[in-house]
Every structure is written in structure tokens, then in C-alpha cells.
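These are the residues of each chain, in order.
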Amino acid sequence: MVREGGAGRGRDEGIAYGNGKRGTDKSKLIIVPSVYIKTYGCQMNERDSEAVAAQLAARGYSLAASEGAADVILLNTCSVRDMAERKAIGKMQSLAAKVRRQRPKVVLGVLGCMAQSRGARLLEQLPDVDLVIGTQKFHRTADYLEEILAGKRDRIVDVEAEAGSEGTIKEHWPPGHGGAGGAAARPVTAFVSIMQGCNQYCTFCIVPYTRGEERSRTIADIVAECRQLVEGGVREITLLGQIVTSYGKREIPARNGKSGFVQLLEAVHEVEGLERIRFTSPHPKGYGDDLVEAYGRLPKLCESAHLPAQSGSDRILKLMHRGCTRERFLGVVEKLRRVQPRMGITTDIIVGFPGETEEDFEETLALAREVEFDNGYLFKYSPRQDTPAAALPGQVPQDVKEERNARLLALVNEISGRRYGERVGERMEVLVEGPSRRNAARQMGRTRCNRIVVFEGGKDRRGELVELKIERAGSFTLYGILNSK
Ligand code: 5AD
């Protein structure tokens, strides 16, 4: 599961929304437009796309299974590395050249981070695009499309900031959440966006410029969304934000030594019927004692943590403006493992940050050896426009980045393979998510420490918590058997 240049499900690859139904609403004899949304980037982007899909479905759009069958094609974009931007631009250029030529009325839109960072300038490069929607305007997508489809406006660009936009990502798709989607379509796991923006200003990172300042939703609003999801069959919720450990920093005063984020975890924990809580991404420095201690006393809080280290060298961490030293990072790992020895720990690491010497890089290798990450997402430093690191001296040549990436990848893979192998023979609690993607006769689920397990279920066990004995470990998948006491 270590994927070069990609963290999280679907990163940089693009996931698509669609149920294949394109069609006419026969009762009214009106042709409903169909939309295809392709997503690049992180889980936040996936969640935003899901909310846009739900918004459009509520307005009567059907969700097309492919771009070939769609009246509207939207690309929800990522700016975090140059490659992600290039993929989306290339995709839009090919849509303009092929789909637009065959079907001139098709509406083409760019949403999200790249739309935000480039705004109207994007149209110079992509003149066929009709709609550019920034990260604080996803909830306006349906209105803008309506204006374009009705011929009232040719083109719309909206990348303004909007007060309260952090509270607009709340609709889910498929609408099995809430009861309408039919049992088979009901997801067992869901993401809930708890905040927007980032105030950390790491020198490599474009996110503060694409997502804006940190703004948090209220606890009541988030809990209401979680409750609704659970009523619709969801058993596991992952709370999402750029730095979730900063949740509520400005809005929610600490109470009895507990931060706003820990107060939120406690409130979500109260939701009846919810079995598991996860969150991503935290900042290592956000692991105060209140949060560490929460793992010991909130049974629904799963023992897994995605802790972005970025580098093992204090000199580089300082240049990155990470606000965390190697020693502090190791201290957090130690505290977490003390309270939950089974804690699954994954990380993000950037290789080839400007000025990174061989010695700095070796400190990163040493950190990976010392922590023994369960999984790691590795990135070659990619200069981003207007970020301080892009102007730093000592930019590292591409071949050096490649070489360091390959060495670190081999190490992280070796360690995580070993850690997976160590689980053979253990019994583990698994939440069943549905049929295995490779072999539909089997079912898949995840352990509390976030490892994928495949097993023969006998019957459909989606949504059940089962105990499995782990029989063998493949590369990043465990194989288990049921009820083998
Ligand atoms: N170059 C390479 N990787 C980056 N990341 C963020 N910005 C950059 C960049 N300019 C990585 C970080 C972050 C992850 C989501 O993407 O590791 O944690």
C-alpha cells in the first residue's frame, strides 16, 4: 500500500461518481442532465465531490458512469504537487479536444484547489472550460450549472472566499445515508468534513492558499451529520480536515484541559450505533495529553494514526516550518504506543526538500527504522508557486530525488511487510465493508488499526463486526478466517 507519490484513497488517480443511470424523468417527460465528476487528490477532495454529487442528484441530475455519457463533466482538482495539476489539465485538454468536438453542448467545469489557486487565469490555458469553482463555493455548483444550461450565462468563475463555507460540505452520496438508497448500496464507512483551511504554512505547501484560513464547524452540526449517517447504516466515521488536531482552536475554548478536538471526539463517541471513529490528518504537535489519553478511554476511537513526519532531520523540519522536531515526533509515537500498544502508525514523507543533504536524508531513513511505520506515503518535493520553499536555495536535482525516493520506498516496504507478517496467527476485530474488489466471492473489511483483511464470509456480512483469525499476510492485505476458535 506504499504508493509512490500518493496518499489516501484515490490520490492523484481520480475517482469517479456515477451510477450509470442516464435518463429521462418519464413522469414529467423532461430530460434530466447527467453529470460525471472526476476527483484528483486527497480525501477532502473526495468528500467535496461526494457533496457536489449529492447536491446535483437532489436537483434531479443523474450521475453518469462515464464522461462519454455525461452532459456535464466536472474535474475536482488537486494542487499539492505539480503532477496532480498536470494530470487534470491534460484531462481537460483531451475532453475539450474529443468530447467537446462531438458534443458541443457538453458543459466542462474545473472545481477545487487548482480552480482556487489559478482562478480566471485557468481559462487562458483551458479556453473550453465553462465553469471554474473554488474551494469555498462547492455548494453553488448546482445554481451555476443551471444558469449555464439555461443559456443565461456562458461562463462562470467564482473563487471568492465565503464566510460559513466550512459548514456547507454535509450532503452524502449515495443517499442510502438516510434510508433511500437500498440496503445493498449503503456504505458502512463515511467521511465527515469538520473544518476547512490550514494555518500552519509549511513552506512547501500550497494548501493555506487554496483552502484558506482554518474555520471549524460546530460540534452540534457535526454530531447531527454523524447521527444521520449512522441512521442510514454507517458504522465507521472518519473525521476530516487539513489539520484536524487544530479543530475549534479559535472557536471552542478548552474545557477541563480538553481541546475542542477532544470535545468533538467525545461528542461523536456518544452517537448510538456508531462503532468506530477515525480522523485524518492530524499534526504530530496536536497530540497533547488530552488526545493521547482519549485513545485509552474512548473505545470507539480506533488505534490508528496517520502522523505526517515529512522529514527526520531537524534542520529540514525547521526549513519546512513544521513546528515539530524529530524528538517531539518520536515522543508522540512513544506516548501513543504506551497507551495503545497495537497503534497502527502511518506517515507522509517528502524527499528532496531544498537543501536536503545526504546526511539529512539518512536521518529520515533512521526515523523510518526507529518508528517502524505500518505504511508510508512518499513524495518527491514539488515546487509550488508562491510558496516560500520554491524560492529556497539548494533545489535538489530530480535524479537525486528519485534515488532517495527509491531507497526510502524499499525500506518502508520492507518494514511494513514485516509488520503485516507479524499479525499472522492473531485474532482481530474487523468491520466488514463489502465484497473484495479482486474477488467478489470474498469479503473485505478493516482492522481497528486500519489494515485491510479479506475472508470468506459465507453470507453478506456488510456492516458486521466480526472476529477473524489471521491466516496469512500478502502485500498490504491480511487474509483471515471466521469463527475459528
Ligand atoms: N511537494 C511534495 N509533496 C508535498 N506534500 C505537500 N506539499 C508538497 C510538495 N510541494 C505532501 C506532504 C503532505 C502530503 C499530503 O503531500 O507530505 O503531507
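Quick note: structure is the one above.
In this text, all values refer to a predicted model and were calculated from it rather than measured experimentally.

Definitions and limits used
- In this convention, every chain numbers its residues from 1, walking through the sequence in written order.
- In keeping with the model being predicted, local features are shown solely for residues with a pLDDT of at least 70 and side-chain atom pairs are shown and tallied solely at 80 or more, while totals for entire chains, interfaces and linings include all residues.
- Only hydrogens and water are set aside when side-chain values are computed; all heavy atoms of the structure are taken into account.
- Only DSSP runs of H or I with at least four residues qualify as helices, and only runs of E with at least two residues qualify as strands; both kinds are numbered from the N terminus onward.
- Here the radius of gyration uses the C-alpha set of atoms, whereas the globule reference equals 2.2 Å times the residue count to the power 0.38.
- Burial classification: accessible surface area is computed with a 1.4 Å probe over protein chains only, and a residue below 20% of its type maximum counts as buried, one above 50% as exposed, and the rest as partly exposed.
- Areas reported here follow the Shrake-Rupley algorithm with a probe of radius 1.4 Å; residue values treat only the protein chains shown as occluding.
- Pairing of aromatic rings covers Phe, Tyr and the six-membered ring of Trp, with a centre-to-centre limit of 6.5 Å; geometry is then stacked below 30 degrees between planes, edge-to-face above 60, and tilted otherwise.
- For a ring to carry a charge above it, either NZ of a lysine or CZ of an arginine must fall within 6 Å of the ring centroid while also lying within 35 degrees of the normal to the ring plane.
- The definition of a nonpolar core used throughout is a set of buried Ala, Val, Leu, Ile, Met, Phe, Trp, Tyr and Cys residues joined through side-chain atoms within 4.5 Å.
- We define proximity as follows: a residue is near a molecule or strand when any one of its heavy atoms falls within 4 Å of that partner.
- Each polar contact in these results corresponds to two N or O atoms within 3.5 Å; when the atoms are within protein, one needs to be able to donate a hydrogen and the other to accept it, and residues that are neighboring in sequence are counted only if both atoms are side-chain atoms.
- Residue polarity is assigned by list, with Asp, Glu, Lys and Arg as charged and Ala, Val, Leu, Ile, Met, Phe, Trp, Tyr, Cys and Pro as nonpolar; anything else, Gly included, falls into the polar class.
- Should DSSP find at least two bridges between two strands, the strands are regarded as paired.
- Throughout, an axis means a line fitted to C-alpha atoms (over the contacting stretch in the case of helices), and angles, computed between N-to-C directions, take values from 0 to 180 degrees.
- Contacts are assigned to residue pairs with any non-hydrogen atoms lying within 4.5 Å of each other.
- The rule for a salt bridge is simple: a side-chain nitrogen of Lys or Arg has to be within 4 Å of a carboxyl oxygen of Asp or Glu.

Undergrad: Would you explain the overall build of the chain in this entry?
TA: Broken down by element type, the chain carries 14 helices and 22 strands. By the compact-globule yardstick of 23 Å for 485 residues, the chain fits well, its C-alpha radius of gyration being 23 Å. Along the three orthogonal principal directions, the C-alpha set of the chain runs to about 60 × 60 × 45 Å. Here the chain, with 485 residues, has 57% of them falling under the buried criterion. For the chain, the exposed surface amounts to about 20,300 Å²; the carbon and sulfur share of it is 50%.

Undergrad: Is there a simple way to explain the environment of Lys-318 in this structure?
TA: By the secondary structure assignment, Lys-318 is in helix H11 (residues 314–319). On a C-alpha basis, the gap between Lys-318 and Cys-202 in space is 9.5 Å, while along the polypeptide they are 116 residues apart.

Undergrad: Got a minute to help me understand the packing of aromatic side chains in this structure?
TA: The full count for this structure, using the stated rule, is 7 aromatic pairs. Centroid distance Phe-279 to Tyr-295: 6.4 Å. Interplanar angle 50°. Geometry classified as tilted. Taken as a pair, Phe-279 in strand E14 (residues 276–280) and Tyr-295 in helix H10 (residues 289–297) lie far apart in primary sequence, 16 residues in all. Tyr-295 carries the same exposure label as Phe-279, and that label is buried. Following the ring pairs from residue to residue traces out a cluster consisting of Phe-204, Phe-353 and Tyr-381. The cationic tip of Arg-472 hangs over the ring face of Tyr-479; the distance from NZ or CZ to the ring centre is 4.0 Å.

Undergrad: Whenever I open this one, the nonpolar core confuses me. Can you help?
TA: Taken as a class, soluble globular proteins show a tendency for nonpolar side chains to be buried jointly. Ile-194, Leu-239, Phe-261, Phe-279 and Tyr-287 are the most contacted members of the largest nonpolar core, which has 57 residues in total. When residues of this core are assigned to their parent elements, the largest contribution, 6 residues, is made by helix H8 (residues 219–231). One finds Tyr-61, Val-107, Ala-142 and Tyr-144 within the second-largest nonpolar core, a separate group that totals 24 residues.

Undergrad: In this structure, what is going on with the site of the ligand? I would like to understand it.
TA: Taken together, the neighbourhood of the ligand is formed by 12 residues, with Arg-81, Phe-204, Gln-310, Asp-348 and Ser-382 sitting nearest. For the ligand, a nitrogen atom lies 3.0 Å from a polar atom in the backbone of Phe-204. Here an oxygen atom of the ligand sits 2.7 Å away from a polar atom, N or O, in the side chain of Asp-348. Isolated, the ligand exposes 400 Å² of accessible area, and the fraction of that covered by the protein chains is 91%. Elements with a contribution of two residues or more to the shell around the ligand: strand E16 (344–351) and strand E17 (375–380). Grouping the amino acids of the shell around the ligand by side-chain chemistry returns 5 nonpolar, 2 polar and 5 charged.

Undergrad: Would you mind showing me how to read the sheet that holds strand E13 (residues 236–240) here?
TA: Picture the strands of a sheet paired through backbone hydrogen bonds; they go either parallel or antiparallel. On the basis of which strands lie adjacent, the open sheet formed by 3 strands has the order E10-E13-E14 and parallel pairing. Each edge of the open sheet is held by one strand with a lone partner, namely strand E10 (189–193) and E14. Going from strand to strand, the sheet's axes swing by 25° on average, the running direction of each strand aside. Examined bridge by bridge, E10 and E13 share 5 bridges and lie parallel to one another. Its bridge partner being in E13, Thr-189 is matched across the sheet by Glu-236. Against the sheet, helix H1 (residues 43–58) contacts E10, E13 and E14, and its axis sits at roughly 95° relative to E10.

Undergrad: Help me understand the pattern of salt bridges, please; the structure alone is not making it clear to me.
TA: All told, the structure shown has 46 salt bridges when counted by the stated rule. Glu-85 is paired through a salt bridge with Arg-118; the nearest N and O atoms lie 2.4 Å apart. Of this pair, Glu-85 sits in helix H2 (residues 82–97) while Arg-118 is found in helix H4 (residues 113–118), placing the two residues 33 residues apart along the sequence. Classification of Glu-85 as buried rests on a relative accessible area of 4%. Several salt bridges share partner residues, and in doing so they unite Arg-47, Glu-50, Lys-170, Arg-217, Asp-221 and Glu-225 into one network.

Undergrad: Whenever I open this one, the sheet that holds strand E18 (residues 427–435) confuses me. Can you help?
TA: The mixed closed barrel is built from 5 strands, whose spatial order is E18-E19-E20-E22-E21. Going from strand to strand, the sheet's axes swing by 50° on average, the running direction of each strand aside. Here strand E19 (residues 443–447) runs beside strand E20 (residues 452–455); their pairing, made up of 4 bridges, is antiparallel. Across the sheet, Arg-446 pairs through a bridge with Ile-452, a residue of E20.

As far as function goes, none of this settles anything; it's purely spatial.
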